[in-house]
Amino acid sequence: MDLSRRRFTVLSGGAVAGLAIGTNLSLDTGPAQAAAAGPVADGVARTVGFDRYSLLVDGERVPIWSGEIHPFRLPSPQLWPDVLQKLRASGFNAVSVYVAWNYHSPAPGVYDFTGVRDLGAFLDDAARAGLYVIVRPGPYINAEVDAGGYPGWLQATAGTARTDNATYLAHVDEYLSAVDAVVAPRQYSTGGGTVLLYQLENEYASYISGSTGKNYLAHLYAKVRADGITVPLFHNDKGRNGYWTPGSFPTSGPDGTETGRYLYAFDGYPSPSSTPPDWGYFGAGGSKGGSTASPDTPGFMAEFGGGWFDCWGGAEFAGQGYAAARATRDAGYERRFYLTNLANGIKIHNVYMAFGGTSWGWLPAPVVYTSYDYGAAIDEARNPTAKTTPMKQIGSLLTAVPDLAKLDRAADTAAADPALTVYHLSNPDTAAHVYVVRNDHTADISTTLDLAVAEGTLTVPLQVSAKDARLFGTGIALGSRQLHHTTAQPMLQGRIGRQDVGLLVGRPGAPVQLALSCAEQPAVALIEGAADWSYDPAGALLTVTATLSGLTRLSVSGGGNPVPLLLLLADDDACATLWPTRTATGTALVRGPALLRTAHAEGQVLHLTGDTTAPSDLEVWAPRGVERVTWNGETVPTRATRSGSLAARRSLAGPPAITLPALTGWRSAAGDPESAPGYPDSTWTVADRTTSFSSTPVPAGGPVLFADDYGFHYGDVWYRASWTGASDASSLQLSYQTGTQGLLMAWLDGVPLGGHRMPVPTLAQATTQTWTATATLPLPAAQQGDGDHVLSVLVRPMARSEDGGANDAQKSARGLVSAAFTLNSGSAPAPVWRLQGADTVAVTAADPVRGPLNSGGLDGERNGWHLPRFDDRRWSPAVFPATASGQGVTWYRTGFRLRIPEGLDASVGLTLTDDPTRAYRVQLFLNGWNLGQYINDVGPQHTFVLPTGILDPHGDNTLALAVLADGTTPSGPGTVALSLLGSVDGGTGGTGRSGD
């Protein structure tokens, strides 16, 4: 369904942007469920400040535990609430978001923040999910996107990017005005949203000395302040260089020079095989020490690697793709590295990425392929992985133990086994002590450690699993009681209903010990599991020991405290289905389902929404006064338990089996008419420029052939050179420049000459972004006689370089650079060159919903062959595996109908498999949307996510494949099939979102 912008706006309900593309579902714009906890956009203005320990919101300390999500990598706004709710359920209290300039601007002065580009809707969804937001609009973002986020049109303008050049800054100001008009009304400082922090530029490690860099950042600072951005600003230092700390450049607001409103932040991506670094309290210190570069601002990790990106061919992970990224940066990695960061005073911590998503269309930079899964905790198909459990544990810990928001380095200590690394910190106000103990070895270590307690020191037994870490402490509150010491990690503590609840966690099989201060002997009862306890009247301590296995429950009453305590000891497996949450009437804890999305107390009823992946228990520790529970809108019969909870009398249903249809009924058509000598090209752009804004030199004596100079910024570009007369040449040399895996193919008078493609990158070349080559193509004698001749060349430029070095690398040329003949005699032809591609202005005018990054310059794209309504009835029937040979472009189309049951959220993918020796590539279009590129003999990606909203789960869908083959082998595709990547009973139905 080829939707106009007006139609899209109507279907999307304006700012409530439920995506409606090529489907026939109705939109539910009912009220959203209450967030599970966290900040709200309630119209109340708040102060947002900081000191050297943490952020201060209305004077209260707020550690920030954030995950990165890019809405431009999930082009289905109805799914934004899904990943944001999963982020919140995974323990995060904030989301960090890049804004990509190229995603919003098809032409100078033209900006689009509607539909899939509705940044305001994403920020509103984050607020509804109970998340703070860190906005990072660049203008340069890097982010493994084309040109580092710069729009294509900027490559054909004067001025050096990332400097104080006036032309560049004029374009930047237009962009920031558009972004800030969306962000400013949604700041937490004004109460209109939950935007808490705002980043200037990104990883700017250039022009440190002199005035250029200072002027540039000062300009950005003054600009966003003039636009009404009032929250604290920061810059993300590339690594730990100590660049752009407070005071290093002028910071001016509307009322003059500002101080105390700017923070220093930095990033880091250590290898998972390395020892976790100390970038703070326990490190080398000084300007290169991480957070110590700015001792008066809190430790701020704007990006810390939650995974890593992979290159074409998969050299980064030995061809195993992002599954290997997730395996090497697993739950143990998260605990070792993230807890080390916490020990080093990092109180604003952003995991890059929490959900990676898809670099759809022509969005990806040369260094990545379509999938940007990143090995993140939530995979590309939106499935929470095992990595979410430690995330939830750490995020819940920061909420449960407020002492962590203000910690100083305490006296150094060591375990009896020196193989363990021990960090010791203390809170100067509460006298609580915190220990992070890390095992960097490949075997478990059992030892002892001396803890600081009120009466001196206490030696406790301790076991730390191989390649793992744990956090625990002394003098920490546990509800209305005092936790004298614990070797289990706190995750929840406080009043729930008529009792205190304390939840502590650790590894399966790990021995733990904890002690509660009790003025007199309490009554203890074991409800479930196994544990031992004893009471020491001299020390007034109740000591509990256990080996973690599932969920152990003990009740503690008396002991001089009138409030009973439910003590829960959970291993990681049990913790995976434990969901702490808060409602307007108090804290709740839910056990059983695969995900808890929202919780809302209304009188005696607690309304819950969430997901199940199989039949599941439901047990709820609810706020006082709650007597009934609903799950996804249905009443759940419950019974009271000995634990003070309400337990469902029957299991929650899991999702039913889903059968996906086979893809049949394919039809095909040739897609390279431009290669024919008689093709009409009179309306094509004549390559008549002699100068260029590119950073690539223009070859002497030839016209500029660079695609960007003629307005063709994304996708394939066709060139045709015509001349009259004979030539005596043995070969043709075509020099061209592309991103990774670029290619060209050539025809002379309709006869294939062959082609060339850039090499598959090795590990050493994984971050190479610009590739240059010269293809030498023999010329058939039959094509050298007198008469009219036409040379046709198809170039796939792939993507433009990022500009990490601030040297205008993004302006390196794409497309043909030059053409020359190797002559046997006589003179070379003097052809007239024309070129055709996807003009971003025209593409956007024709298809504003999908926008300029969606399509390139193939004839089929220019004529709408990828769109659902295209009439392909005259095409030829086709079957797979395809067996055609020859150089060129072939299109295939088919349709399929889905009947996913209502109430289910199914993630569906498209999987392509074939003999890996067959050299061809496929551009995938679903309902008109360009969802990725498959290179059969390169890989490593074979499965492509088809996001709901673009995919109609309850109706008809159209699939189009544009296949490029170089003719050296039989072409494809081989097998093309739908794949079920995950399904849950539940989904985001409670958010009032639906697809059309």
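Residues numbered from 1 in each chain as written. Predicted model: local features only at pLDDT ≥ 70, side-chain atom pairs only at ≥ 80, totals over all residues. Heavy atoms only, no water.

Re the overall build of the chain
Selection criterion: Numbered from the N terminus, helices here are DSSP runs of H or I no shorter than four residues, and strands are runs of E no shorter than two. With a 1.4 Å probe rolled over the protein chains alone, any residue whose accessible area is under 20% of its type maximum counts as buried; one over 50% counts as exposed, and the rest are partly exposed. Note on contacts: a residue pair qualifies if any of its non-hydrogen atoms lie within 4.5 Å across the two residues. The method behind every accessible area is Shrake-Rupley, applied with a 1.4 Å probe, and residues are considered shielded solely by the protein chains displayed. When charges are counted, neither His nor the chain ends are considered; positive counts come from Lys and Arg and negative counts from Asp and Glu. Each charge is placed at NZ for Lys, CZ for Arg, CG for Asp and CD for Glu.
Counting its regular elements, the chain contains twelve helices and 55 strands. With 996 residues in all, the chain has 64% of them scored as buried. Within the chain, counting contacts between residues at least 6 apart in sequence, those at least 24 apart form 73% of the total. Of the accessible surface of the chain, which amounts to about 32200 Å², a share of 51% is contributed by carbon and sulfur atoms. In the chain, 68 positive and 89 negative side-chain charges are present, and the distance between their average locations comes to 4 Å.

Let's talk about the sheet that holds strand β21 (residues 489–496)
Operational definition: For two strands to pair, DSSP has to find at least two bridges joining them. What counts as an axis is a line fitted to C-alpha atoms, over the stretch in contact for a helix, and the angles between N-to-C directions run from 0 to 180 degrees.
Read from one edge to the other, the open sheet built from five strands follows the order β21-β22-β28-β27-β24, with strand pairing classed as mixed. Pairing within the sheet leaves two strands with one partner each, and these edge strands are β21 and β24 (522–528). Each strand of the sheet is rotated relative to its neighbour by a mean of 15°, with strand direction disregarded. Where β24 meets strand β27 (residues 551–558), six bridges bridge the pair, whose relative direction is antiparallel. Each bridged residue has a counterpart across the sheet, and for glutamate 528 the counterpart in β27 is arginine 553. Sheet contacts for helix α9 (residues 388–400): β21 and β22 (499–506); angle to β21, the most-contacted strand, approximately 50°.

What to know about the pairing of strand β45 (residues 788–796)
In terms of burial, β45 is a largely internal element, eight of the nine residues being buried. Bridge count for strand β42 (residues 743–748) against β45 is six bridges, and the pairing is antiparallel. When the sheet's bridge partners are listed, methionine 745 is paired in β45 with leucine 794.

Points about the side chain of serine 971
Checked against the element boundaries, serine 971 lands in the loop between β54 (956–966) and β55 (975–985). Each residue touching serine 971, except ones within four places of it in the same chain, is listed here: Ala882, Ala884, Arg918, Tyr920, Val963 and Ala965.

Some words on the packing of aromatic side chains
How we decide: Paired rings are identified among Phe, Tyr and Trp, the last through its six-membered ring, by centres lying within 6.5 Å, and are further divided according to the angle between planes into stacked (under 30 degrees), edge-to-face (over 60) and tilted (the rest).
Under the criterion given, the structure shown has 52 aromatic pairs. With 5.4 Å between their ring centres and 5° between their planes, tryptophan 65 and phenylalanine 92 make a pair best called stacked. Of this pair, tryptophan 65 sits in strand β4 (residues 64–69) while phenylalanine 92 sits in the loop between α2 (80–89) and β5 (94–98), and the two are 27 residues apart along the sequence. Overall, phenylalanine 92 belongs to the buried group, its relative accessible area being 2%.

Notes on the sheet that holds β55
The antiparallel open sheet is built from three strands, whose spatial order is β53-β50-β55. With partners counted over all chains shown, the strands left at the sheet margins are β53 (943–946) and β55, one partner each. Each strand of the sheet is rotated relative to its neighbour by a mean of 25°, with strand direction disregarded.

Overview of the nonpolar core
For clarity, the threshold we go by: To define a nonpolar core, start from buried Ala, Val, Leu, Ile, Met, Phe, Trp, Tyr and Cys residues and group those joined through side-chain atoms within 4.5 Å.
Judged by nonpolar contacts, the single largest core of 111 residues is most densely connected at Leu123, Val135, Tyr150, Val183, Tyr198 and Tyr338. In contact with tyrosine 198, not counting residues within four places along its chain, are Val135, Pro137, Leu176, Asp180, Val183, Val224, Ile229, Val231, Pro232, Leu233 and Phe234. Formed by 65 residues, the second largest nonpolar core is a distinct cluster that contains Tyr352, Val367, Tyr369 and Leu898.

Structural notes on helix α8 (residues 331–343)
Put simply, the test is: Here, expected helix span is obtained from the residue count minus one, scaled by 1.5 Å.
Its 13 residues give α8 an end-to-end C-alpha distance of 18 Å, which sits within 8% of 18 Å, the value for a rise of 1.5 Å per residue. Counting buried positions along α8 yields 13 of 13 residues, so the element is predominantly enclosed. The positive-phi residue at the C-terminal boundary of α8 is glycine 345, with phi of around 85°.

Topic: the environment of aspartate 966
Relative to the helices and strands, aspartate 966 resides in strand β54. Separated by 801 residues in the primary sequence, aspartate 966 and asparagine 165 have C-alpha atoms spaced 43 Å apart.

What to know about the pattern of salt bridges
In plain terms, the rule: Put simply, a salt bridge is a Lys or Arg side-chain nitrogen that is within 4 Å of an Asp or Glu carboxyl oxygen.
Taken as a whole, this structure holds 42 salt bridges when the rule is applied. The closest approach of N and O atoms between arginine 597 and aspartate 611, which form a salt bridge, is 2.8 Å. Remark: aspartate 611 occurs in strand β32 (residues 605–611) and arginine 597 occurs in strand β31 (residues 595–602); sequence separation between them is 14 residues. For arginine 796, the salt bridge is made with aspartate 716, and the minimal N-O distance between the two is 2.7 Å. Here arginine 796 is found in strand β45, whereas its partner aspartate 716 is found in the loop between β39 (685–686) and β40 (717–724), with 80 residues between them in sequence. With respect to burial, arginine 796 and aspartate 716 carry one shared label: buried.

Some thoughts on α9
Over its 13 residues, α9 extends 18 Å from the first C-alpha to the last, a length consistent with the 18 Å expected when each residue adds 1.5 Å. The buried fraction of α9 is high, at twelve of 13 residues.

Things to note about the confidence of the model for the chain
To keep it simple, the criterion reads: Summary of the metric used: pLDDT quantifies the predictor's per-residue confidence within the range 0 to 100.
Confidence in the prediction of the chain, expressed as mean pLDDT, is 94, and 95% of residues score 70 or more. Within the model, the stretch residues 1–36 combines pLDDT values under 50 with 114 contacts to residues more than four positions away or in other chains. Ignoring residues within four places in sequence, the model shows residues 990–996, a span with pLDDT below 50, making 42 contacts including any to other chains.

Let's talk about the UniProt feature "domain: Beta-galactosidase" (unreviewed entry) in the chain
Here is the rule: UniProt positions are given in the numbering used here, feature names are shortened, and annotations may be inferred rather than shown by experiment.
Mapped onto this numbering, the UniProt entry gives "domain: Beta-galactosidase" (unreviewed entry) at residues 401–578. Annotation note: span residues 401–578, helix share 2%, strand share 63%, distance between end C-alpha atoms 18 Å.

Digging into the packing of helix α4 (residues 119–128) against helix α5 (residues 166–183)
Selection criterion: Should the near helix be turned anticlockwise from the far one by less than a right angle, the crossing is left-handed, and should it be turned clockwise, the crossing is right-handed. Following the grouping adopted for this structure description, the nonpolar residues are Ala, Val, Leu, Ile, Met, Phe, Trp, Tyr, Cys and Pro, the charged ones are Asp, Glu, Lys and Arg, and the polar ones are all others, Gly among them.
As a packed pair, α4 and α5 sit with axes 9 Å apart at the nearest point and diverge in direction by 30°. Our pair here, α4 against α5, has a crossing hand that is right-handed. Taken together, the residues of α5 that come into contact with α4 (itself represented by Leu119, Gly120 and Leu123) are Val179, Val182 and Val183. Residue classes in the contact of α4 with α5 are distributed as five nonpolar, one polar and no charged.

Brief notes about unusual backbone geometry
In most cases, non-glycine residues show a negative phi, while peptide bonds are predominantly trans. Following glycine 939, the chain continues to proline 940 via a peptide bond in cis, the omega torsion being 5°. Tracing the chain through its elements places proline 940 in the loop between β52 (929–935) and β53. A cis geometry characterises the amide bond from glycine 972 onward to proline 973, with omega recorded as 5°. Take proline 973: it is sitting in the loop between β54 and β55. Phi at methionine 798 takes a positive value of approximately 70°, unusual for a residue other than glycine. Taking the relative accessible area as the measure of exposure, methionine 798 reaches 11% and is therefore buried.

Structural notes on the environment of serine 651
Within the secondary structure layout, serine 651 lies in the loop between β37 (646–648) and β38 (667–670). For serine 651, a relative accessible area of 45% puts it in the partly exposed group. Expressed as a C-alpha distance, the spacing of serine 651 and leucine 462, which sit 189 residues apart in the sequence, is 38 Å. For serine 651, the contacting residues outside a window of four places in its chain are Pro615, Ser616 and Asp617.

Considering the packing of α5 against helix α6 (residues 212–226)
To characterise two packed helices, one gives the angle between the axes of the helices and the distance between these axes. Look at α5 against α6: their axes get within 10 Å of each other, and the N-to-C directions meet at 30°. With respect to the hand of their crossing, α5 and α6 are arranged in right-handed fashion. Along its contact with α5, which presents Tyr168, Leu169, Val172, Asp173, Leu176, Ser177 and Asp180, the element α6 presents Tyr216, His219, Leu220, Lys223 and Val224.

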